[in-house]
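# Tertiary structure, described
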Amino acid sequence: MVARRRSAPSVSFFAFQDIITAVVGIFILITIILILELVQRVEAAGMESEAPSEDEPIVVEPLRQEVRDLRETLRERTGGQVVGAELNAFNREQKLAVLRASVAEMDRKIRSTNEQIRAANRELQDAELTKAQLADRAATSQPLIEQMKTLKGKESRIRQEIELLSEDATGIFRDRLEDGRYLTLVTLIGKSIEVRDARDRQTRSFRGPRRLDEFRSWLDERRLANRHLLLRIKPGGASDYQALAPTLAEGRVNYGYTVVGEDEAVRLGFELEAN
């Protein structure tokens with residue numbers, strides 16, 4: 001009887017290889033996605049860097065465009081030089097000389113463009129400095145402008161007062177006499193007594209049957225030594241003057257009197273200031 005061979009169980013690596021393959025494929029896919037996103041960001045950053053700044057002068061943009069055109073021409077000519085060298089090796093030195101001259105010209109234009117950019121920036125700084133100086137001058141002159149407006153307003157009011165006075169026939173008395181005493185105008189009109197007192201800068205009117213008593217009380221409350229009373233007697237006021245004359249004499253009041261017409265009007269200086 002022939003003995004059977006015992007063979008060890010076989011091991012299969014297909015499942016492990018599938019897992020490794022899947023993992024490597026995922027890594028490759030993630031790497032491709034990251035590369036595409038990086039390329040898009042680099043292109044977007046390049047486009048943003050080429051966009052003109054709003055703060056730079058408008059004259060700089062055409063110069064930058066010319067620089068970009070010259071660089072593009074350089075790249076095209078450099079590529080064409082390689083192809084031309086492969087096709088015709090005899091004219092290589094001539095084409096290199098032309099390209100070197102073009103490069104030198106472009107460098108000159110780039111330097112000129114940079115100088116123009118610097119000059120434009122200097123002009124912009126000078127303009128900002130001038131703007132700041134003008135703002136300072138405007139701030140300094142603002143109080144003067146306000147003062148001028150105030151003076152113009154006063155001038156307008158004075159002109160209006162002059163026009164009113166030129167059209168008004170009302171008599172105007174000074175508030176104080178030459179000896180320094182204040183003037184008090186007392187107008188006797190029938191059944192009323194009107195008082196204009198420059199010392200107190202007030203006007204009063206006493207009417208009715210108690211007008212004489214009220215006027216005497218007003219006199220008692222005032223310091224009469226620094227006042228001069230001018231009694232203006234209108235039609236119908238003679239009886240009131242006769243009743244007040246003894247009181248004024250006994251009180252040693254400085255006064256005078258005059259007879260005026262019914263329509264005659266007067267004012268003191270403080271009344272004009274009040275208006």
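Okay, so let's go over this structure. Model, not experiment: these values are computed from the prediction.

## Considering the pairing of strand β4 (residues 202-207)
Where strand β3 (residues 192-197) lies against β4, six bridges are found, and the strand directions are antiparallel. Bridging from a neighbouring strand, V195 pairs with R204 of β4. Counted along the chain from β3 to the antiparallel partner β4, the turn is four residues long, and its residue R201 has a positive phi close to 55 degrees.

## Some points on the side chain of D175
By the element assignment, D175 lies in the loop between β1 (171-173) and β2 (182-189). For D175, which is buried and forms no salt bridge, the nearest opposite charge comes from R201, at a distance of 4.2 Å. Here F270 takes part through its backbone nitrogen, which lies 3.2 Å from a polar atom of the side chain of D175. With sequence-adjacent residues up to four places away left out, D175 is seen in contact with R181, Y182, L183, A198, R201, L268, G269 and F270.

## Notes on helix α4 (residues 211-220)
What α4 keeps buried is the set R211, L212, F215, W218 and L219. All buried residues of α4 fall inside an arc of 120 degrees around its axis, so they share one side. Considering only its buried residues, α4 is in contact with β2, β3, β4, β5 (227-233) and α5 (238-250).

So, how was this worked out
Residue indices begin from 1 for each chain and proceed along its sequence in written order. Whole-chain, interface and lining totals are the exception, using all residues; otherwise, since this is a predicted model, local features are given only for residues with pLDDT of at least 70 and side-chain atom pairs are given and counted only at 80 or more. Note that water and hydrogens are dropped before the side-chain values are worked out from all heavy atoms of the structure. Strand pairing is assigned whenever DSSP detects at least two bridges linking the two strands. In this description a helix means any DSSP run of H or I spanning at least four residues, a strand means any run of E spanning at least two, and both kinds are numbered starting from the N terminus. Here's how the labels work: a residue is buried when its accessible area is under 20% of the maximum for its type, exposed when over 50%, partly exposed in between, all with a 1.4 Å probe on protein chains only. Charged residues are defined narrowly, with Lys and Arg counted positive, Asp and Glu counted negative, and His plus the chain ends left uncounted. Criterion for a salt bridge: a side-chain nitrogen of Lys or Arg within 4 Å of a carboxyl oxygen of Asp or Glu. Whenever a nitrogen or oxygen atom comes within 3.5 Å of another N or O atom, the pair is scored as a polar contact, on the condition that within protein one atom can donate a hydrogen and the other can accept it, and that pairs from neighbouring residues in sequence are kept only if both atoms are in side chains. In this description, contact between two residues means that some pair of their heavy atoms is separated by no more than 4.5 Å. Directions drawn from the helix axis to the C-beta atoms are what define this arc.

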